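Now for the letters of each chain:
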Amino acid sequence: MSFDQIAPWYRLLETVAFGGALQRARVCWLGRIPRPNRVLIAGEGNGRFLCELLRLHPRIDIDCVDASARMLELARARVRKFHPASLRQVRFFHQDISNFQPPDFYDLLVTHFFLDCFLPKQIEAIVARLASAARPGAIWLLADFAIPRRAFARIRARIWLRLMYTFFRISAAIPAHDLVDPSRFAQNNSFTLGARKLFRSGMLKSEWYSKGTGEIV
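Across its full length, the chain holds 7 helices and 7 strands. Over its C-alpha trace the chain gives a radius of gyration of 16 Å, about what one expects of a compact globule, namely 17 Å for 217 residues. Looking at the chain as a whole, 50% of its 217 residues are labelled buried. Excluding contacts between residues fewer than 6 apart, the proportion of contacts in the chain whose partners are at least 24 apart in sequence is 70%. Accessible area of the chain: about 10600 Å², with a carbon and sulfur share of 54%. Taken as two groups, the 32 positive and 18 negative side-chain charges of the chain have centres that lie 5 Å from each other.

Quick look at the structure:
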């Protein structure tokens, strides 16, 4: 799986399809979480979330892992342009998440629009591996697609998801065929849902988990 071919066009594709909704889902909890010390971001992509995190919490230590070398180049260039003083605090790992061994322990984990690319067994293994690198009380921020409850929104979301999965299976060779909700895997690894916010009539969700107990806000 690699997003190299579409990396230069990814932001345009995202904007055409969803406007700014995906980015709003990515960053919606950043103003609410405590300042992290060490962060692990899996599947960061072109660095838009990373730069917003650095804007609010400059010079924190961040590890970014992505299977796409081109996406990592874009992320690194974005940090160099907007937050050059923080560049030395960011480590970029060009690696498939399935083979990635977290080199540290973290108080913030981030998986935005990433786990939806994988099959259920893969998600289970990825979440367990990332959770094993979480410190007690760590926060997990997860933004992803969802299936709305209302009938019309549900039908529209399923059509959109079918089109997107077909496109990304062809262009990026993602293994997933259908959307799998990763929430149960986070909960199976001692993470408790603390907050959830929905976007685009429930087709997008942004969730905040904590390792231990949480409180809906």
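Glancing now at the nonpolar core. Of all hydrophobic cores here, the largest spans 51 residues; its most connected members are F3, I97, W140 and F145. Ranked by the residues each element gives to this core, the list is headed by strand β5 (residues 134–145), at 6 residues. Residues C51, L53, F92 and W208 belong to the second largest nonpolar core, which totals 24 residues.

Tallied over the entire structure, the rule returns 13 salt bridges. With a shortest N-O distance of 3.7 Å, D178 and R162 are connected by a salt bridge. A residue pair is termed long-range when its members are at least 10 positions apart, and D178 in the loop between α6 (151–171) and α7 (183–188) and R162 in helix α6 qualify at 16 residues. Salt-bridge contacts for E207 lead to K205; the nearest nitrogen and oxygen are separated by 3.3 Å. Accessibility expressed as a relative area gives 5% for K205, which makes it buried.

Turning to a positive patch on the surface, a few remarks are in order. Taken together, the side chains of R24, R150, R156, K197 and R200 define a basic patch exposed on the protein surface. Structurally, R156 is set in helix α6.

Before going further, it helps to spend a moment on the sheet that holds strand β4 (residues 106–112). Pairing is mixed in the open sheet, where 7 strands are placed in the order β3-β2-β1-β4-β5-β7-β6. The sheet is open, and its two borders are formed by β3 (90–94) and β6 (191–199), each paired with just one other strand. With strand direction ignored, the average angle separating the axes of adjacent strands in the sheet is 15°. In the sheet, strand β1 (residues 38–42) pairs with β4 via 3 bridges, with the strands oriented parallel. Bridge pairing in β4 links L40 to L109. Packing against the sheet, helix α5 (residues 120–131) makes contact with β1, β4, β5, β6 and β7 (204–211), and its axis sits at approximately 145° to β5.

For the coordinates displayed, the defined rule picks out 10 aromatic pairs. Between F93 and F100, the ring centres sit 5.4 Å apart and the planes meet at 65°, which makes this aromatic pair edge-to-face. Residue class for F93 comes out partly exposed when judged on its relative accessible area of 21%. With 5.2 Å between their ring centres and 65° between their planes, F113 and F145 make a pair best called edge-to-face. Taken together, the residues F113 in the loop between β4 and α5 and F145 in strand β5 connect sequence positions 32 residues apart. Accessibility assignment for this pair places F113 and F145 in one class, buried. Pairwise contacts between aromatic rings join F3, Y10, F167 and F168 into one cluster.

Cut-offs used in this document
- Residues numbered from 1 in each chain as written.
- Predicted model: local features only at pLDDT ≥ 70, side-chain atom pairs only at ≥ 80, totals over all residues.
- Heavy atoms only, no water.
- Helix = DSSP H or I, 4+ residues; strand = E, 2+ residues; numbered from the N terminus.
- Rg over C-alpha atoms; globule rule 2.2 N^0.38 Å.
- Buried < 20%, exposed > 50% of the residue type's maximum accessible area, 1.4 Å probe, protein only.
- Contact = heavy atoms within 4.5 Å.
- Areas by Shrake-Rupley, 256 points an atom, 1.4 Å probe, with all protein chains shown as cover.
- Lys, Arg positive; Asp, Glu negative; His and termini not counted.
- Charge placed at Lys NZ, Arg CZ, Asp CG, Glu CD.
- Core = buried A, V, L, I, M, F, W, Y, C linked by side-chain atoms within 4.5 Å.
- Salt bridge = Lys/Arg side-chain N within 4 Å of Asp/Glu carboxyl O.
- Patch = residues over 30% accessible without salt bridge, like charges linked within 9 Å, V, L, I, M, F, W, Y side chains within 5 Å.
- Pairing = 2+ DSSP bridges.
- Axes fitted to C-alpha atoms, helices over the stretch in contact; angles between N-to-C directions.
- Phe/Tyr/Trp six-rings, centres within 6.5 Å; stacked < 30°, edge-to-face > 60°.

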